[in-house]
Amino acid sequence: EAPVAGAPWVKEYGTIRGRTEDGMKVDLSVAVTISLGYDPQGTAIERQGDLKSPPPMSKAQSDSLISLWKRHGHDADTGFAALWNAVDIIMKSISRDVSSRYVASNFYQKRSEVSKALLTRMQRELVAYDITVHTVDVIGIGLPERYYGEIQATEIAKQEREAAEHERVTKLTEAQTALL
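Residues numbered from 1 in each chain as written. Predicted model: local features only at pLDDT ≥ 70, side-chain atom pairs only at ≥ 80, totals over all residues. Heavy atoms only, no water.

1. Examining the environment of Val 114
Its place among the elements puts Val 114 in helix H4 (residues 111–126). Taking the relative accessible area as the measure of exposure, Val 114 reaches 1% and is therefore buried. Remark: the alpha-carbon pair of Val 114 and Ser 95, spanning 19 residues in sequence, is separated by 9.2 Å. Those residues in contact with Val 114 that sit more than four places away from it in its chain are Val 98, Tyr 102, Phe 107 and Val 138. (Helix = DSSP H or I, 4+ residues; strand = E, 2+ residues; numbered from the N terminus. Buried < 20%, exposed > 50% of the residue type's maximum accessible area, 1.4 Å probe, protein only. Contact = heavy atoms within 4.5 Å.)

Structure follows, in C-alpha cells:
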C-alpha cells in the first residue's frame, strides 16, 4: 500500500544480498522512512503531530507532489506501480553498493556509519523521483555462519586484552601506593 501524500511512510527491505569490500557475502535488512513529494527541509516527520491526518505541507513539497502526479498519476494503477518498482530497485542497488565499501569485520561496529551512507545516497538519488527520504536504519546484518565464530573470538581477545590492561594498572597503582 502506498503512503498518503506528504505523510512519512516506513518501507522495510528484508534480505538484500550483497558483498562486503573483502568479498564476504552479506545480507542487509533496511527500514527507510520516506514521504511522497520532495521537501528540501525534510521536516514532514517533525510536522506530523496528529497521526489521524497528514501533516501540513510546505510549498516546495506541494509543488513536488503536483510534479509527481503529472508524471505518474495519470494512470494510478500502472504509473505509481512503476514508481514503486523503480524506488525498490534504487534502494536495493544503493544498499548493495554501500555494503561493498565496508569490510565484514567492521559491519557491526560501523552500523550507524553504514546507515548514514545509505541515507545520504538515497536522499540524493530519490530527489529525481520527488521523494523525501527521512531516515534509513540498518535493522539486520547477516554474515556467513563461520564468520560469527571469528567475530566472537575477536571480541573475546579484546576483552582479555582489556582485562590484562586493567590488571596491569591495578598492580601499578598498588605498587605506587605501597611506596608512599
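2. Some thoughts on the pattern of salt bridges
Tallying each qualifying case throughout the model produces 6 salt bridges. Where Asp 27 meets Arg 17, a salt bridge forms, and the shortest distance between an N and an O atom there is 3.6 Å. On the criterion of sequence distance, the pair formed by Asp 27 in strand S2 (residues 25–36) and Arg 17 in strand S1 (residues 9–19) is long-range, its members being 10 residues apart. Its relative accessible area of 24% is what places Asp 27 among the partly exposed residues. Overall, Arg 17 belongs to the exposed group, its relative accessible area being 58%. Overlapping salt bridges, with partners in common, bring together Asp 97, Arg 101 and Arg 121 in one network. (Salt bridge = Lys/Arg side-chain N within 4 Å of Asp/Glu carboxyl O.)

3. Some details on the packing of aromatic side chains
All told, the structure shown has 0 aromatic pairs when counted by the stated rule. Taking NZ or CZ as reference, Lys 11 lies 5.1 Å from the ring centre of Tyr 13, over its face. (Phe/Tyr/Trp six-rings, centres within 6.5 Å; stacked < 30°, edge-to-face > 60°. Lys NZ or Arg CZ within 6 Å of the ring centre and 35° of its normal.)

4. Structural notes on the side chain of Thr 20
With respect to the secondary-structure elements, Thr 20 resides in the loop between S1 and S2. Contacts of Thr 20, omitting those with residues within four sequence positions, involve Val 26, Ser 99, Ser 100, Tyr 102, Val 103, Ala 104, Phe 107 and Leu 143.

5. Looking at the confidence of the model for the protein
Summing up the model confidence of the protein, the mean pLDDT is 79 and the portion of residues at 70 or higher is 81%. Within the model, pLDDT remains below 50 along residues 47–51, and this stretch shows 8 contacts once partners closer than five positions in the same chain are excluded. (pLDDT = per-residue confidence, 0-100.)

6. A look at H4
Over its 16 residues, H4 extends 22 Å from the first C-alpha to the last, a length consistent with the 22 Å expected when each residue adds 1.5 Å. Within the sequence span of H4, burial applies to Val 114, Ser 115, Leu 118, Arg 121, Met 122 and Leu 126. Seen from one end, H4 has its buried residues packed into an arc of 135°, which puts them on one side. Relative to its buried face, H4 has exposed residues pointing more than 90 degrees away, namely Ser 112, Lys 116 and Arg 124. (Expected span 1.5 Å × (residues − 1). Arc of directions from axis to C-beta.)

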